Amino acid sequence: MDAKFAVIAGSGGYDILRNGDFGTNLECKKIPTPFGESAPIHRFSKDGINFLFLSRHGEERYSISAPFVNYRANIWALKECEVERIISWSGPGIINIGFSVGDFVLPHDIIDETKNRQYTFFEKKGIGFIRHKSPFCKETREALIKTFHELNLKFHNNGVYVCTQGPRLETAAEINKYKISGGDLVGMTLIPETFLARELEMCYAPICYLTNFAEGISDRPFKKGELFEGMINNDEQKKASFSCKRFPVIIRKSIELIQNLERNCSCKNAMHRYKKDGIISEDWRSWIQ
Ligand SMILES: [Zn+2]
């Protein structure tokens, strides 16, 4: 089930598996990897747009929370399928008050506030000192920026994503710390996904749609039984849901633009230094096993 492009979707993204927006779901497989079985990987193809799709939190509701996603198995499996570029879809919260619920953000940088995840494929290997001046693929990001312009959707082309451990939500003091540190949005899923993709020389770029104001950014009373216990009101839920429904059209346009791009970014040479020095071979599987 080979394809050069993959979409990793967060909560809500799995709806496309049922609503048929991408045409026929041609194939679905869980791929065995040295780190266990991957999440199901689906292959879609319609009108010349071909890509793989993986839902990181499960395919019914939110069955796997962020700390428990098998990131290494998922990224390994996509590499095994010969994926070169990954677009990530997720719905984080707002730290920067210049942003509104329902807005789209294309983050350009990231702060790691996670703990005890599996951050590397290169355990006890002495390799993997990879520069992260641009943690997300610049070339893929440029294509995403063009996508939003062409679709005439309101978006922010920069933002610092703070990745927290979860599954609990953050305290107001933590959010204040992230704000002082330069964070614009807060979520739980892009790490270690983006770092693992870089280790296997794949491009990775996120699209975020904003779902709520983070704790302490907008004062909200506790409401029992409601989503995030009242952190998000009905109007905001509608706005977030409306943006989430744009997912198929955004992904379709993104892949249409990306699939015509020559791959000239530095991601594909992330491990070149080690290859040049004879420390690893060209066969990426041998870097790990
Ligand atoms: Zn790249």
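Residues numbered from 1 in each chain as written. Predicted model: local features only at pLDDT ≥ 70, side-chain atom pairs only at ≥ 80, totals over all residues.

Draft legend 1. Here's a closer look at the packing of helix H3 (residues 138–151) against helix H7 (residues 247–258). Orientation of H3 relative to H7, taken along the N-to-C sense of each, is 125 degrees, at an axis distance of 9 Å. With respect to each other, H3 and H7 are oriented oblique. In this structure, the crossing between H3 and H7 has a hand that is right-handed. Across the interface between the two elements, Thr140, Ala143, Leu144, Lys146, Thr147, Glu150 and Leu151 of H3 pack against Val249, Ile250, Lys253, Ser254, Leu257 and Ile258 of H7. Class assignment for the residues of the contact of H3 with H7 results in 7 nonpolar, 3 polar and 3 charged. (Axes fitted to C-alpha atoms, helices over the stretch in contact; angles between N-to-C directions. Helix = DSSP H or I, 4+ residues; strand = E, 2+ residues; numbered from the N terminus. Parallel < 35°, antiparallel > 145°, perpendicular 65-115°, else oblique. Left-handed = near helix turned anticlockwise from the far one by under 90°. Contact = placed C-beta atoms within 7 Å. Nonpolar A, V, L, I, M, F, W, Y, C, P; charged D, E, K, R; others polar.)

Draft legend 2. Summary view of unusual backbone geometry. With an omega of 0 degrees, the peptide bond running from Gly166 to Pro167 counts as cis. Relative to the helices and strands, Pro167 resides in the loop between strand E12 (160–164) and helix H4 (172–180). Each neighbour pair has its own omega, and for Ile191 with Pro192 the value is 10 degrees, a cis peptide bond. Summarising the element assignment, Pro192 is placed in the loop between strand E13 (185–187) and helix H5 (193–199). One non-glycine residue, Asn116, lies in positive phi territory at about 55 degrees.

Draft legend 3. Summary view of the nonpolar core. In terms of nonpolar packing, the biggest core is built from 77 residues, with Ala6 and Ile86 touching the most fellow members. When sequence neighbours within four positions are dropped, the list of residues in contact with Ile86 reads Ala6, Ile8, Leu78, Ala197, Met202, Cys203 and Tyr204. (Core = buried A, V, L, I, M, F, W, Y, C linked by C-beta atoms within 7 Å. Buried ≥ 20, exposed ≤ 12 C-beta atoms within 10 Å, placed from the backbone.)

Draft legend 4. Region of interest: the pairing of strand E5 (residues 41–46). Bridge count for strand E2 (residues 25–29) against E5 is 4 bridges, and the pairing is antiparallel. Paired with Asn25 across the two strands is Phe44, which belongs to E5. As paired strands, E5 and strand E6 (residues 49–55) are joined by 6 bridges and run antiparallel to one another. When the bridges of E6 are listed, His42 appears paired with Phe53. In sequence, E5 turns back onto E6 through a hairpin of 2 residues, with Asp47 there showing a positive phi of about 50 degrees. (Pairing = 2+ DSSP bridges.)

Draft legend 5. Up close: H3. Compared with an ideal rise of 1.5 Å per residue, which puts 14 residues at 20 Å, H3 spans 20 Å between its outermost C-alpha atoms and is within 8% of the ideal. The set of residues buried in H3 consists of Glu139, Thr140, Arg141, Ala143, Leu144 and Thr147. Looking at the packing, one finds that the buried side of H3 touches strand E7 (85–90), strand E14 (203–209) and H7. The first or second residue beyond H3 is Asn152, which carries a positive phi of 60 degrees. (Expected span 1.5 Å × (residues − 1).)

Draft legend 6. Region of interest: the sheet that holds strand E8 (residues 93–94). Pairing is mixed across the open sheet formed by 5 strands, whose spatial order is E10-E12-E13-E8-E15. A single partner strand is all that each edge strand has here, and the edge strands are strand E10 (109–113) and strand E15 (212–213). Bridge analysis of E8 against E13 gives 2 bridges, and the strand direction is antiparallel. Within E13, the residue paired with Ile94 across the bridge is Leu185.

Draft legend 7. Local environment of the sheet that holds strand E9 (residues 104–105). Taken in spatial order, the 8 strands line up as E2-E5-E6-E1-E7-E14-E9-E11 in an open sheet, and their pairing is mixed. Of all strands in the sheet, those with a lone pairing partner are E2 and strand E11 (155–156), marking the two edges.

Draft legend 8. Structural detail: the environment of Phe35. For Phe35, the location among the structural elements is in the loop between strand E3 (32–33) and strand E4 (36–37). In this structure Phe35 comes out as partly exposed when scored by C-beta crowding, with 17 C-beta atoms within 10 Å. Discounting chain neighbours no more than four positions away, the residues touching Phe35 are Asn70, Arg72, Ala73 and Trp76.

Draft legend 9. Quick peek at the environment of Ile49. Note that Ile49 resides in strand E6. The partly exposed category is assigned to Ile49, around which 17 C-beta atoms lie within 10 Å. With residues near it in sequence (within four places) discarded, Ile49 still touches Arg252, Ile255 and Glu256.

Draft legend 10. Seen up close, H7. Taking 1.5 Å as the rise per residue, H7 with 12 residues should run 16 Å; its terminal C-alpha atoms sit 16 Å apart, in good agreement. Taken residue by residue, H7 has Phe247, Ile250, Ile251, Ser254, Ile255 and Ile258 as its buried positions. Projected onto a plane normal to the axis of H7, the buried residues spread over an arc of 125 degrees and lie on a single side. (Arc of directions from axis to C-beta.)

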